[in-house]
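# Structural features, examined
Here are the chains, one letter per residue:
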Amino acid sequence: MPETPNLACLVREKRGCDRVIATRDHVLPLDEFEVASSLSAHLASLRERSVVLIVRDMAKAAAALIDLDGWARRIVLCPPEWELARLESAARDAEADALVFDGDVSAPPIPVELAASCRLPLEKLETPRAACCETEWILPTSGTSGPPKLVIHTLRSLMGAIADAPLQHWATFYDIRRYGGLQIFLRAVSGQGSLSLGGDGESVGSLLSRFGAARITHISGTPSHWRKVLMSREGGRIDPDYLRLSGEIADNAVLGALQALYPRARIEHAYASTEAGVVFAVDDGRAGFPASWLDGDSAVQMRVAEGSLRVRSDRCALRFLGANAPPIADKDGFVDTGDIVDRRGDRLYFVGRRSGIINVGGVKVHPEEVEAALNAHAAVRVSRVFARKSSITGALVFADVVLRDGRMPDAASERQILAACRTRLPPHMVPAGLRFVSDLPVTDGGKLARHG
Amino acid sequence: MSLSETILDEIRSVAANQNKTLAPLTDDLSLNDSGLDSLCFAILVARLEDITNRDPLGSAEGARFPRTIGEFVALYEGALA
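Quick summary incoming for the structure in this document. (Residues numbered from 1 in each chain as written. Chains lettered and ligands numbered in written order. Predicted model: local features only at pLDDT ≥ 70, side-chain atom pairs only at ≥ 80, totals over all residues.)

## Some words on the overall build of chain B
Helices and strands together make up the secondary structure of chain B, namely three helices and zero strands. Order of helices (α) and strands (β) in chain B, N terminus to C terminus: α-α-α. In summary, chain B has a C-alpha radius of gyration of 12 Å against a globular reference of 12 Å for 81 residues, a match within 12%. Dimensions along the principal axes, computed over C-alpha positions, put chain B at roughly 30 × 25 × 25 Å. (Helix = DSSP H or I, 4+ residues; strand = E, 2+ residues; numbered from the N terminus. Rg over C-alpha atoms; globule rule 2.2 N^0.38 Å.)

Written as structure tokens, this is what we have:
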């Protein structure tokens, strides 16, 4: 028997609470896992296999994860938007010999020995559940551009930041096949409450209505998800006790606007990555985090080298998947997050990704820092900085801007916003021009889509 | 407005935005002495590209890099001719 409990065992421990995982299309009663499964007829033959999980519906994904953890050797969590070529390469890297697919569509043409359909509602288990191994969870990294790498976690590394908690009904805007969403799924499954999920292109208005009807108390999403909530009319449908932002830099503008909309809620912005795991959560309502956290010898150790935050903890991924993959950590066990931090007084601020830097005549600009200055303007809801090629300086900073409350730009808008930027930013960081847009695209992972 | 007036207008506007003091704009004023730094020029060239759809400084035609305001204007006039 493995030392750590598996998911089915965590679900069984909390039985009798009438807990469900709900999407728009399915309601999954967790107590039924005692006697039923989404993979019923196939479960025995999936034992110790490396399984690619390719389902569209998030309730099915949740059911298959509960069924497979502690039973399959590996589970590869594939986000629903992955195209065939990416699925094939993930299956190859994970040496997959089985796949689990939606029961109501045909199996994707990936060469594996066994294709098992996942069905809801759950069907009766033929033999009682047992655990046979500690499953490797294979997750894609959440880069905002470029192909994702695959990393290996275990249930133990994934649950390192999750402590026993009182009754909490969770909801998330994330897909549970991404690290941020998976954290919420695991909190819910190991806790006492229910979980409400979205997916399949459901609008933010519909999500908020369902989450409100489910009386959720705890909810998480990226700052981009939350800006969509702030821009919708349905924000008042939920009344959470706790609100969590993660996956992108939370600036004071979004934190302040959310606290104004939900005055009762405790608001935290968490810092985590698929590679480094959950690092910390900040709940003082301000962007950044206390510099003193770098010196602490808590379960998570942090240090800054070459500008970026490095993290060592047992929540970090074990390694990258693949024969020629680079090491995930340095010789001391620290994972380089690639997130650049800047110390201002007694606080550290995230200023952007090392890979996203715009080089303006040799001066390096982090798009996120410029966006924070733009977003701080009272008329701006959200912005996205991009580089424009320049024959003089190599590149120039430009930005797309969405105004608050559907306001239309007038002749003075650009001038006023840029004038405010000039008081906060050095000249090379001030956008050379703005484009006013009505909306900004968000990736399937819930992050502001950036140009590759 | 003529092309040359448009360009001089944009030069003044960029300089004002960037808090630069411009020397009097004459044809033979050296660009290096104009008061504009390379960031100002980059912004100016981007703005003129938006207006004229041309970036004569970015084209690989082997054009001589302008040294004076007059040459700078002439470069755009040539590109649009």
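Continuing now.
## Quick look at the sheet that holds strand E13 (residues 218–221) of chain A
Residues and elements named next belong to chain A. The strand order across the open sheet formed by eight strands is E2-E1-E12-E11-E13-E14-E15-E16, and the pairing between neighbours is mixed. Either end of the sheet is taken by a strand with one partner, and the two such strands are strand E2 (27–29) and strand E16 (277–282). Here the strands of the sheet are splayed against their neighbours by 20° on average, with no regard to which way each runs. Pairing of strand E15 (residues 266–273) with E16 involves five bridges; the strand directions are antiparallel. In the sheet register, serine 273 faces E16, and the bridge partner there is glycine 277. Each of strand E11 (170–172), strand E12 (195–197), E13, E15 and E16 touches helix H5 (residues 179–189); the most contacted strand, E11, lies at about 165° to it. (Pairing = 2+ DSSP bridges. Axes fitted to C-alpha atoms, helices over the stretch in contact; angles between N-to-C directions. Contact = placed C-beta atoms within 7 Å.)

## A few points about the nonpolar core
The biggest cluster of nonpolar side chains holds 105 residues, and the ones touching the most others in it are Val51, Val52, Leu53, Ala62, Val76 and Val100 of chain A. In terms of residues, this core owes the most to one element, helix H2 (residues 58–68) of chain A, which gives nine residues. Excluding residues that lie within four positions of it along the chain, valine 76 of chain A makes contacts with Val51, Val52, Leu53, Ala90, Ala94, Ala96 and Ile138 of chain A. Grouped together as the second largest cluster of nonpolar side chains are 39 residues, Ala373, Val385 and Ile417 of chain A together with Ala42 of chain B included. (Core = buried A, V, L, I, M, F, W, Y, C linked by C-beta atoms within 7 Å. Buried ≥ 20, exposed ≤ 12 C-beta atoms within 10 Å, placed from the backbone.)

## Observations regarding the packing of helix H1 (residues 3–17) of chain B against helix H3 (residues 69–80) of chain B
Residue and element names in this part refer to chain B. Closest axis-to-axis distance for the H1/H3 pair is 10 Å, and the angle between their directions is 135°. The orientation of H1 with respect to H3, classified from their angle, is oblique. Relative to H3, H1 is oriented so that their crossing is right-handed. For the pair formed by H1 and H3, the contact residues are Leu3, Ser4 and Ile7 on the first element and Val73, Tyr76, Glu77 and Leu80 on the second. Each residue belonging to the contact of H1 with H3 can be placed in one class, and the counts come to five nonpolar, one polar and one charged. (Parallel < 35°, antiparallel > 145°, perpendicular 65-115°, else oblique. Left-handed = near helix turned anticlockwise from the far one by under 90°. Nonpolar A, V, L, I, M, F, W, Y, C, P; charged D, E, K, R; others polar.)

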